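# Coordinate inspection notes
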Amino acid sequence: MLAFESPLVTSARTSTSCNVLLRELQQIWSDIGESEADKDRMLLQLERECLEVYRRKVEEAANAKARLHQSVAAKEAEVATLMAALGELNLHSPIQKEKKMAPLKEKLASITPLLEDLRTKKEERRKKFADIKNQIEKISGEISGYNYPNDTMISCLTLEDQDLSLRRLTEFQTRLQTLQKEKSDRLHKVLEYVNEVHLLCGVLGLDFAQTVSDVHPSLQRANQEQSTNISNGTFEGLEQTINKLKSERRIRMQKLKDIAGQLFELWNLMDSPQAEKNIFSRATSILRLSEPEVTEPGVLSTEMIEQASAEVERLTKLKASRMKELVLKRRSELEDICRMTHIKPDASTSVEKSNALIDSGLVDPSELLANIEAQITKVKDEALSRKEIMDRIDRWLLACEEENWLEDYNQDENRYNAGRGAHINLKRAEKARITITKIPAIVDNLINRTLAWEEEKRALFLYDGERLVSILEDYKLTRKQREEEKKRCRDQKKIQDLLLTEREAIYGSKPSPRKSNSFRKTNGYRANGNGSMTPSTPRRNSVGGATPELLTPRSYSGRQNGYFKEMRRLSTAPINFVAISKEDTVSTYTSVCDSELGSPPHS
């Protein structure tokens, strides 16, 4: 309870005790017989001793107060410094205002926990900054190739930490995130470059590990201790390596393409077996590929190119010994193409001339072969431009064949008998009559097309060496003459009918029926498997025939009896008139006109 008494109460109690003791001391002095002067002197000394004790106590108290005040001030200053470094709000100021009049010990007790908390926060913050600093330095070193850049942020971290605020920590974290993203992008780019180098090395048959190690050792995955270098120098090295590999790929690809082209040419010339070609299928597969599409490992390796080159050299030597055979073979192919397209081949490289030139040694067989190849290409190109007209020629020839068949069919006395296949022949005859009526239009259209082609190409359209327009004009003229002959036959038939009528009136009897038709060809048609009648052989007019024969391109081509004979004349609708004696005039005209009346008139 005494500890909680007020100073006034304590002072009053002390004063009472001192008075009691002073009276007791004075009584003792009186009993002793001290003089008043000694009493005053001892009292003064006593007062001095008491004052000294008070003074000493006051000094001790003042010193203690000063130490407390200094401690409080120092801690407050440290708190302020820590709060400034950490960027904390000045939370201690309101506390100072509230406890401004509080005792020093109370102030010290209140500020100590705050100081410890701030010291802990500072240490944690320093650790965060140190960790971020290490990461930034590491990533910056990887990006710069460990040539530490002049990064002001990293330079600040090496100084005394005076700003550990959250704002600055956020800046460093943002910087770290930026560097991490840049590192990720660079790693991705490096990976793309390395993958491309790996692909190119595989295609070219080069050592990938050695190639990337030459750029930077960290790019080789076998070295796991060292982090991948992602500096600009690495990028430049990889780009240069890729460009060098692409250039090498381009050179090798062009070289292999040239070799593969030579292989194909030699294979075609030599008629090499497929098994022999399959050995080099990898090398020849690049002909249809572009550079980026060539990804097969080893396809452009030096070994592959050397093997293909060796094969070209082997075939070239073999070709030299078989060149004459090849020349004759290609000439035969040229003649086959010309025969199918009805184009007259160049006589300068005929079989006889080619043999003579090769045997004499005046011409290099390779040059002669190249000349034939050029002729083949020219003929193929010309055949392509003639295709439309050739298709129309085929259509015309088919119509002429139908006309031939119909002529034979009309001369058959048994065509209406209900035999096997008779109805099929009747249907074909109806279609043939319709087709025949279109022949004049087909010929006129073909002439117009041919003239247009000649005007466009500024050259004559030749069919087996003869101008097609001339052939068509001859055909039209011959057909016109044939129609006139048929008309004349019908007129004479009418006259003969009148003569027969008069003879019947005079003699009262009819002439004996014909036993045979001397004008019908016995081999002009034959029955096919289903009973229908088809032409068996090409039909001709007699040499002394009264009717001009019809001319067709097939007449000029000589397809029936060998290759490239002179113009042959095949009739599309022969009548087979022969020289007739005066005595057989009546029976002859009767037979001919009866057979002609079996077919419809043609306009």
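As the structure is a prediction and not an experimental result, all values here were calculated from the model.

So, on to the packing of helix α4 (residues 104-144) against helix α6 (residues 166-204). Put simply, α4 and α6 touch, their axes get as near as 10 Å, and they point 30° apart. With respect to α6, the element α4 is oriented roughly parallel. Handedness of the α4/α6 crossing: left-handed. Here Arg 125, Lys 128, Phe 129, Ile 132, Gln 135, Ile 136, Ile 139, Ser 140, Glu 142 and Ile 143 of α4 come into contact with α6, specifically with Leu 166, Arg 168, Leu 169, Phe 172, Gln 173, Arg 175, Leu 176, Leu 179, Gln 180, Glu 182, Lys 183 and Arg 186. Taken together, the residues of the contact of α4 with α6 break down into 10 nonpolar, 4 polar and 8 charged.

With that settled, the discussion passes to α4. One turn of the α-helix equals 3.6 residues, which is why residues spaced by three or four share an orientation. Here α4 spans 57 Å end to end across 41 residues, near enough to the 60 Å set by a 1.5 Å rise per residue. Helix geometry: α4 is bent most strongly at Ile 111, by close to 25°, with proline Pro 113 lying one to four residues after it. With its phi angle positive at about 75°, Gly 145 sits one or two positions after the end of α4.

This part is about the environment of Asp 214. Within the secondary structure layout, Asp 214 lies in helix α7 (residues 208-215). The exposure class of Asp 214 is exposed, given its relative accessible area of 57%. Between the C-alpha atom of Asp 214 and that of Leu 238, which follows or precedes it by 24 residues, the distance is 9.6 Å. Among the polar contacts made by the side chain of Asp 214, one reaches the side chain of Gln 210 at a distance of 2.8 Å.

With respect to the helices, strands and loops of the structure, Ser 301 is situated in the loop between α10 (281-284) and α11 (302-321). Judged by relative accessible area, Ser 301 falls into the buried class, the value being 9%. For Ser 301 and Gly 205, which are 96 residues apart along the polypeptide, the C-alpha to C-alpha distance reads 4.8 Å. Apart from the residues within four sequence positions on either side, Ser 301 is in contact with Val 203, Leu 204, Gly 205 and Arg 252.

Now for the confidence of the model for the protein. In the predicted model, the protein carries a mean pLDDT of 75, and the fraction of residues at 70 or more is 75%. Within the model, pLDDT remains below 50 along residues 512-548, and this stretch shows 92 contacts once partners closer than five positions in the same chain are excluded. This stretch, residues 557-603, has a pLDDT under 50; its non-local contacts, to residues over four places away or in other chains, come to 116 contacts.

The next thing to look at is the side chain of Arg 125. Assignment of secondary structure puts Arg 125 in helix α4. With relative accessibility at 9%, the residue Arg 125 sits in the buried group. Within the structure, the side chain of Arg 125 is placed 2.5 Å from the backbone oxygen of Leu 164, a separation counted as a polar contact. Filtering out sequence-adjacent residues up to four positions away, Arg 125 remains in contact with Leu 86, Glu 88, Leu 164, Ser 165, Leu 166 and Leu 169.

Another aspect to go through is the packing of aromatic side chains. Throughout the structure, instances matching the rule amount to 6 aromatic pairs. With 4.9 Å between their ring centres and 80° between their planes, Trp 396 and Tyr 475 make a pair best called edge-to-face. Of this pair, Trp 396 sits in helix α14 (residues 365-410) while Tyr 475 sits in helix α17 (residues 468-507), and the two are 79 residues apart along the sequence. For the residue pair Trp 396 and Tyr 475, the accessibility class agrees, reading buried in each case.

Attention now moves to the packing of helix α12 (residues 323-341) against helix α13 (residues 351-360). When two helices pack together, their arrangement is given by the angle between the helix axes and the distance between those axes. Two elements in contact, α12 and α13, have axes separated by 10 Å at closest approach and are oriented at 160°. When the axes of α12 and α13 are compared, the pair comes out roughly antiparallel. Crossing hand, α12 versus α13: right-handed. Counting all contacts with α12, which are made through Lys 324, Val 327, Leu 328, Arg 331 and Glu 335, the residues of α13 involved are Val 351, Ser 354, Asn 355, Ile 358 and Asp 359.

Basis of the calculations
- Residues numbered from 1 in each chain as written.
- Predicted model: local features only at pLDDT ≥ 70, side-chain atom pairs only at ≥ 80, totals over all residues.
- Heavy atoms only, no water.
- Axes fitted to C-alpha atoms, helices over the stretch in contact; angles between N-to-C directions.
- Helix = DSSP H or I, 4+ residues; strand = E, 2+ residues; numbered from the N terminus.
- Parallel < 35°, antiparallel > 145°, perpendicular 65-115°, else oblique.
- Left-handed = near helix turned anticlockwise from the far one by under 90°.
- Contact = heavy atoms within 4.5 Å.
- Nonpolar A, V, L, I, M, F, W, Y, C, P; charged D, E, K, R; others polar.
- Expected span 1.5 Å × (residues − 1).
- Bend = angle between axes of the 7 residues up to and from the residue.
- Buried < 20%, exposed > 50% of the residue type's maximum accessible area, 1.4 Å probe, protein only.
- Polar contact = N/O pair within 3.5 Å; in protein donor to acceptor, adjacent residues only side chain to side chain.
- pLDDT = per-residue confidence, 0-100.
- Phe/Tyr/Trp six-rings, centres within 6.5 Å; stacked < 30°, edge-to-face > 60°.

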